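Listed here are the chains, written in short residue letters.
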Amino acid sequence: MEGCGAPQQSAEPVRDSGDQVVVTGRVLAGDEPVGGAYVRLLDSGGEFTAEVVSAGSGDFRFYAAPGAWRVRALHRAGTGEALVTADGVGVHRTDVVLS
Amino acid sequence: MSRENVLVSTEWAERNLNTEGVVFAEVDEDTTAYDGGHIPGAVRLDWKEELQDHVRRDFVDRSGFEKLLSEKGIANDDTVVLYGGNNNWFAAYAYWYFKLYGHQDVRLLDGGRKKWELDGRELTKEVPVREATTYTASEQDLSLRAFRDEVVEAINVKNLVDVRSPDEFAGRLLAPAHLPQEAAQRAGHIPSAINVPWSKAANEDGTFKSDEELRALYEEAGLDGSRPTIAYCRIGERSSHSWFVLRELLGHQDVKNYDGSWTEYGSLVGVPVANPSEVS
């Protein structure tokens, strides 16, 4: 059975499987990728939907539903936020820069 | 029940890493987290491999739990401090599980692995060696665990608290959004359930909100304190987190966790389902 765990994200490129709404990107400090950041997906009402830990390459990935999403990253080095609109099935990219 | 009997802070944990009779255990589904670094001295509990029966959908039985804890070097009179990733979801699940089998003194590390990391505290890859014990478990305390028939009977009778995200509650998502949305069962929620996402009980750093905030949260959501409560999510670990809040922090007497949760309920034939996202 697939659990609800939030494993470390892999750095594998995200492929469009054709049936998922994927929100993905990297956590950055300046131009440098930040691994080990806690990245959460919030819905349009600001409600928590999921949380993952960014890979060493800074990558994170969520399987969402169509709509407007907010991605928030939390790390010892700082916090960051980005908005993304997923208008349908496919890969929707956004990077989150810590400050 | 008060907070200091069931929760420890990261400061307390750091001060008690070498205290006799205190055992730290990291509980994760993704065990690579432990391998990459854990709290010094902490043993690992693997949620999937060690706490679940490998054939039936159920827990390891009483003798299996005794064997597991004995091998881990945990004794009946140890204070067990559980922590993990995912804002302590699986640690809370293990807490509930330890209570189910009658362990006396078990506590959660407030904020779990995330708070420990954000605090910049030490992590090690060194695996501790603990001498085996002879652990004795009780029969499962079924006053803490709800099964499907009881859940169906609880519709409009008891508090049903669905602790999943609003999108899962509304039938728009079948799983948390870090997992592919693939599942055979129906989407939606149990009729008469209120939706109080587990995340509303936690701060961003993973620590629990104050008792006052937590009381207000459930009051505003319409939880009737005079009635028994059953909490559920998708597989029973996020609802362990809310079960912990309701029973262990707020002191509600009759609170059960429905570990079958939506993966069971949403696959039952003939039971009522509410799905606001389906246009009739």
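Scroll up for the structure.
Residues numbered from 1 in each chain as written. Chains lettered and ligands numbered in written order. Predicted model: local features only at pLDDT ≥ 70, side-chain atom pairs only at ≥ 80, totals over all residues. Heavy atoms only, no water.

Caption draft 1: Summary view of the overall build of chain B. Assigned secondary structure in chain B consists of 12 helices and nine strands. Relative to its length of 280 residues, chain B is compact, with a C-alpha radius of gyration of 18 Å against a globular reference of 19 Å. Expressed as lengths along the three principal axes of its C-alpha atoms, the size of chain B is roughly 60 × 40 × 40 Å. By sequence separation, contacts in chain B at least 24 residues apart represent 76% of the contacts at least 6 residues apart. With an accessible surface of roughly 11500 Å², chain B has 45% of that area assigned to carbon and sulfur atoms. Chain B carries 31 positive and 49 negative side-chain charges, and their two centres are separated by 3 Å. (Helix = DSSP H or I, 4+ residues; strand = E, 2+ residues; numbered from the N terminus. Rg over C-alpha atoms; globule rule 2.2 N^0.38 Å. Contact = heavy atoms within 4.5 Å. Areas by Shrake-Rupley, 256 points an atom, 1.4 Å probe, with all protein chains shown as cover. Lys, Arg positive; Asp, Glu negative; His and termini not counted. Charge placed at Lys NZ, Arg CZ, Asp CG, Glu CD.)

Caption draft 2: Expanded view of the overall build of chain A. From N to C terminus, chain A includes zero helices and nine strands. For chain A, the succession of helices and strands along the chain, N to C, is β-β-β-β-β-β-β-β-β. Counting every position in chain A, which comprises 99 residues, the buried fraction comes to 56%. Of the roughly 4400 Å² of accessible surface on chain A, 45% is carried by carbon and sulfur atoms. (Buried < 20%, exposed > 50% of the residue type's maximum accessible area, 1.4 Å probe, protein only.)

Caption draft 3: Local environment of the sheet that holds strand S8 (residues 229-232) of chain B. All names here are of chain B. Spatial ordering of the open sheet is given by S7-S6-S8-S9, a layout of four strands whose pairing is parallel. Taken across any chain shown, the strands that pair with only one partner, and hence form the sheet edges, are strand S7 (194-195) and strand S9 (255-257). In this structure, strand S6 (residues 159-162) lies alongside S8, joined through four bridges in parallel fashion. Bridge pairing in S8 links Leu160 to Ile230. Across the face of the sheet, helix H11 (residues 238-249) comes into contact with S8 and S9 while running at roughly 170° to S9. (Pairing = 2+ DSSP bridges. Axes fitted to C-alpha atoms, helices over the stretch in contact; angles between N-to-C directions.)

Caption draft 4: Fine view of the packing of aromatic side chains. Residue and element names in this part refer to chain B. Overall, the coordinates contain 20 aromatic pairs over all chains when judged by the stated rule. Measuring from centroid to centroid gives 5.6 Å for Trp47 and Tyr93, while their planes differ by 80°, and the two rings are edge-to-face. Of this pair, Trp47 sits in helix H4 (residues 47-51) while Tyr93 is found in helix H6 (residues 89-100), placing the two residues 46 residues apart along the sequence. Residue Trp47 shares its accessibility class with Tyr93, and that shared class is buried. Residues Phe65 and Tyr97 carry aromatic rings whose centres are separated by 5.6 Å and whose planes lie at 40° to one another, so their mutual orientation is tilted. Taken as a pair, Phe65 in helix H5 (residues 62-72) and Tyr97 in helix H6 lie far apart in primary sequence, 32 residues in all. In this pair, the class of Phe65 matches that of Tyr97, namely buried. An aromatic cluster of at least three residues, connected via ring pairs, comprises Trp47, Phe59, Phe65, Phe90, Tyr93, Trp96, Tyr97, Phe98, Tyr101 and Tyr135. For Arg238, the ring lying beneath its charged end belongs to Trp89, and the centroid distance is 5.4 Å. (Phe/Tyr/Trp six-rings, centres within 6.5 Å; stacked < 30°, edge-to-face > 60°. Lys NZ or Arg CZ within 6 Å of the ring centre and 35° of its normal.)

Caption draft 5: Molecular detail of the interface of chain A and chain B. Between chain A and chain B, the contact holds 30 residues from the first and 37 residues from the second. Taking both sides of the interface into account, the surface hidden between chain A and chain B amounts to around 2800 Å²; carbon and sulfur atoms contribute 56%. Across the chain A-chain B interface, the total number found is three salt bridges. Elements represented by at least two residues in the side of chain A that touches chain B include exactly strand S3 (38-42), strand S4 (48-53), strand S5 (59-64) and strand S6 (67-75) of chain A. Residue composition of the side of chain A that touches chain B, grouped by class: 15 nonpolar, seven polar and eight charged. (Buried area = accessible area lost by both parts, 1.4 Å probe. Salt bridge = Lys/Arg side-chain N within 4 Å of Asp/Glu carboxyl O. Nonpolar A, V, L, I, M, F, W, Y, C, P; charged D, E, K, R; others polar.)

Caption draft 6: Main features of the side chain of Arg113 of chain B. Mapped onto the fold, Arg113 of chain B is located in helix H7 (residues 112-118). Of the polar contacts made by the side chain of Arg113 of chain B, one reaches the side chain of Glu26 of chain B; its length is 2.8 Å. Discounting chain neighbours no more than four positions away, the residues touching Arg113 of chain B are Tyr38 of chain A together with Glu26, Ala33, Tyr34, Gly37, His38, Tyr83, Gly84, Gly85 and Leu123 of chain B. (Polar contact = N/O pair within 3.5 Å; in protein donor to acceptor, adjacent residues only side chain to side chain.)

Caption draft 7: Layout of the pairing of strand S7 (residues 78-86) of chain A. All names here are of chain A. Only one face of S7 is buried, namely the one carrying Gly78, Gly80, Ala82, Val84 and Ala86, since none of Thr79, Glu81, Leu83 and Thr85 on the opposite face is buried. When S6 meets S7, the two strands line up antiparallel, connected through nine bridges. Looking across to S7, one finds that Trp69 is bridged to Val84. Connecting S6 to the antiparallel partner S7 that follows it, the hairpin turn spans two residues.

Caption draft 8: Here's a closer look at the pairing of strand S2 (residues 22-28) of chain B. Residues and elements named next belong to chain B. With respect to burial, S2 is a largely interior element, seven of its seven residues being buried. Both faces of S2 are covered, namely the face carrying Val22, Phe24, Glu26 and Asp28 and the face carrying Val23, Ala25 and Val27. Across five bridges, S2 lies against strand S4 (residues 79-83) in parallel orientation. Looking at S4, one finds that Phe24 is bridged to Val81. Sheet analysis places S2 next to strand S3 (residues 43-46), joined by four bridges and oriented parallel. Paired with Ala25 across the bridge in S3 is Val43.

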